[in-house]
Amino acid sequence: MTVLDTNFLVYLLKNKSSADIADYYSNPKTTAISLFELYYGACNSLKPQENILKIKSLLKAVQLLEFDKPAAEEAGKIHSMLENSGQTIELQDILIAGIVISRDEELVTNNIKHFKRIPGLKYIPWQPGDYGR
């Protein structure tokens, strides 16, 4: 029941092998939104082809959660609530939260500043020095 946020995946891509995920998380997942963010970053990097290959390798170790109707409903509620409270965050984070909440999952992230604003979102705070805890 662990969904890996983009920042965690970027850390893995830069510092670990995709096989390392299995050492710490059983049945790890990520979202199609995080995958978009990874490909966007790879395409804008100095070594796009190399980074795309790393992403493809990483995807073999994680299950991909799509943005579907229940996720869209949750994300819409989240976006409205945050906008009405004047505490909006990046749209990608709202979409990720919608996926995580709609599947009753838990997000591993170091972006606590944004995600703590979302009621009902379960998350595990993470920092690069905490890898594997």
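The structure this text deals with has already been given above.
Residues numbered from 1 in each chain as written. Predicted model: local features only at pLDDT ≥ 70, side-chain atom pairs only at ≥ 80, totals over all residues. Heavy atoms only, no water.

Take the pattern of salt bridges next. On inspection of all chains with the given rule, the structure shows six salt bridges. Taking the shortest distance from any N to any O, the salt bridge between E74 and K77 comes out at 4.0 Å. In this pair, E74 and K77 are both assigned in helix α5 (residues 69-85), three residues apart and thus about one turn of the helix distant. With a relative accessible area of 22%, E74 lands in the partly exposed category. For K77, a relative accessible area of 46% gives the class partly exposed. The salt bridge partner of D104 is K122, with a shortest N-O separation of 2.6 Å. Taken together, the residues span a long stretch of sequence, with D104 in the loop between α6 (91-102) and β4 (106-109) and K122 in strand β5 (residues 122-125) at a distance of 18 residues. (Salt bridge = Lys/Arg side-chain N within 4 Å of Asp/Glu carboxyl O. Helix = DSSP H or I, 4+ residues; strand = E, 2+ residues; numbered from the N terminus. Buried < 20%, exposed > 50% of the residue type's maximum accessible area, 1.4 Å probe, protein only.)

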